[in-house]
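Listed here are the chains, written in short residue letters.
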Amino acid sequence: MLSVQRLPGVFGVEISGIDLSKPLDEVTERELFDLFHQHQLIVVKNQSLEFEEFDRLTKYFGRQDPHFLDHLRMRGHPAILMLSNVFENEKPIGVFEGAAFWHTDVAYRDPPNSATIVYSLERPRGGCPTHFADMFAAYDALPAAMKERIEGMVVLHHYGNRADMDENSRTSAERLTPEQKKRVTNVFHPLVQRHPVTGRKSLYGVAGSSFGIVGMPKDEAVELLDELKAHATQARFVTQYDYDIGDVAAWDTYSTLHMATLQDRATTPETRRLLWRVSVTGKAPVYERIDRR
Ligand SMILES: [Fe+2]
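Rules behind the numbers
Residues numbered from 1 in each chain as written. Predicted model: local features only at pLDDT ≥ 70, side-chain atom pairs only at ≥ 80, totals over all residues. Heavy atoms only, no water. Helix = DSSP H or I, 4+ residues; strand = E, 2+ residues; numbered from the N terminus. Buried < 20%, exposed > 50% of the residue type's maximum accessible area, 1.4 Å probe, protein only. Contact = heavy atoms within 4.5 Å. Areas by Shrake-Rupley, 256 points an atom, 1.4 Å probe, with all protein chains shown as cover. Lys, Arg positive; Asp, Glu negative; His and termini not counted. Charge placed at Lys NZ, Arg CZ, Asp CG, Glu CD. 1 Å grid on protein atoms, 1.4 Å probe; cavity = no way out; pocket = protein on both sides within 12 Å on 5 of 7 lines; lining within 4 Å. Points joined across faces, edges and corners; volume = space filled by probe spheres on them. Nonpolar A, V, L, I, M, F, W, Y, C, P; charged D, E, K, R; others polar. Donors = N, O, S within 2.8 Å, 3.2 Å for Na, K, Ca; no water. Patch = residues over 30% accessible without salt bridge, like charges linked within 9 Å, V, L, I, M, F, W, Y side chains within 5 Å. Salt bridge = Lys/Arg side-chain N within 4 Å of Asp/Glu carboxyl O. Pairing = 2+ DSSP bridges. Axes fitted to C-alpha atoms, helices over the stretch in contact; angles between N-to-C directions.

*Asks:* I'm lost on the overall build of the chain in this one. Help?
*Replies:* When helices and strands are tallied, the chain shows seven helices and 19 strands. Taken along the three principal axes of its C-alpha coordinates, the chain extends 50 × 50 × 35 Å. Here the chain holds 293 residues, and the buried ones make up 54% of them. For the chain, the share of sequence-separated contacts (at least 6 apart) that also reach a separation of at least 24 residues comes to 81%. When the accessible area of the chain is evaluated, it comes to approximately 13,300 Å², of which 51% is carbon and sulfur surface. Positive and negative charge centroids in the chain, built from 35 and 41 side chains respectively, lie 2 Å apart.

*Asks:* It is not clear to me how empty space enclosed by the protein should be interpreted in this structure. Could you clarify?
*Replies:* Which parts of space are left empty comes out when a probe the size of a water molecule is rolled across the atoms. Taken as a whole and assessed by the stated rule, the structure comprises four cavities of 30 Å³ or more. Taken together, 33 residues make up the lining of the largest cavity; nearest its centre are V95, G98, A99, H103 and D105. When contributions to the lining of the largest cavity are tallied by element, the ones reaching two or more residues are β6 (77-84) and β18 (256-259). Considering only enclosed or pocket space, the second largest cavity measures out at about 80 Å³ in volume. Taken together, 13 residues form the lining of the second largest cavity, with H37, S114, G282, K283 and A284 sitting closest to its centre. Here the lining of the second largest cavity is built from residues that sort into seven nonpolar, four polar and two charged.

*Asks:* What is the right way to read the coordination of the iron ion from this model?
*Replies:* When a metal carries six donors in an octahedron, the ideal angles between them are 90 or 180 degrees, while four donors in a tetrahedron ideally lie at 109.5 degrees. Coordination of the iron ion by the protein comes from H103 (NE2), D105 (OD) and H258 (NE2), over a distance range of 2.1 to 2.2 Å. In primary-sequence terms, the residues that donate to the iron ion follow H-x1-D-x152-H. You can call H103 buried: its relative accessible area is 10%.

*Asks:* Just to check I follow, could you spell out a nonpolar patch on the surface for this structure?
*Replies:* A contiguous nonpolar surface patch, about 250 Å² in accessible area, is contributed by V154, F188 and V214. Residue position: V214 is located in the loop between β15 (210-213) and α6 (218-232). A relative accessible area of 53% means that V214 is categorised as exposed.

*Asks:* Help me understand the sheet that holds strand β12 (residues 187-190) in this model?
*Replies:* The strands making up a sheet associate through hydrogen bonds between their backbones, and the pairing can be parallel or antiparallel. Spatially, three strands are ordered β12-β11-β15 in an open sheet, and the strand pairing comes out antiparallel. At either margin of the open sheet sits one strand with a lone partner, and together these are β12 and β15. Averaged over neighbouring strand pairs, the angle between their axes works out to 35° when direction is ignored. As paired elements, strand β11 (residues 154-157) and β12 share four bridges and run antiparallel to each other. Residue L156 lies in a different strand from β12, and its bridge partner there is F188. Across the sheet, α6 touches β11 and β15, and the angle it forms with β15 is around 120°.

Next up, the structure:
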């Protein structure tokens, strides 16, 4: 039986009574994923995972989707992207500054990511919190006229941060290699999404990779997306979480936005930050099995 405690902010829970280094039995798996979809952001503390154990754990969330930023994947383990402020040979070993803006993970692909899972191995002294915004609550709180206006709208996404396209800026999206730039394409996702598991409506991808709305002039679309982003990132929908060493955290990407905190390059062992990150697409297999019954 899992125990659940609310995180200090406006949403998300800490789950205990589970050892994620072991395979999950079906009852625990169902309980864990029902909690995940109810609370959108989950944290399990004090875990000690080998690479293979973390890899197995992430497969319970969906189909692994090796990240578009292929130069920052772990060598020999392409499903894992590194998040870090550690440099080797003058180059960061993982995503360093490329996520310090509100975004939805990999909404610039089709299918988009459905969940992101991280495991914290090194924490810098003073911390480095991540901000999360609840897109179920943000949708629910929209005026009825706005809900009616945006219903059925389709949004154009591509790689980048709509609010900052200067690739030398610290708050733009991670800089792409010339080869990756050639692979950037436009994709389209509904602005209002029904969650594939719960059916609950959320505002999807209003920050980061959203650049236009089908059938609407570009300036008008950006104005509307900016208005929705300002609404969705109000303090009443936003929470922060600062990963401790040994934390496993996961967030539902259909119903959240998130933003990393700008960090300084590590200069000493105490200032190092390192997380392993895996993103997945599709439903958690536990629901696929239920759907088939
Ligand atoms: Fe992210």
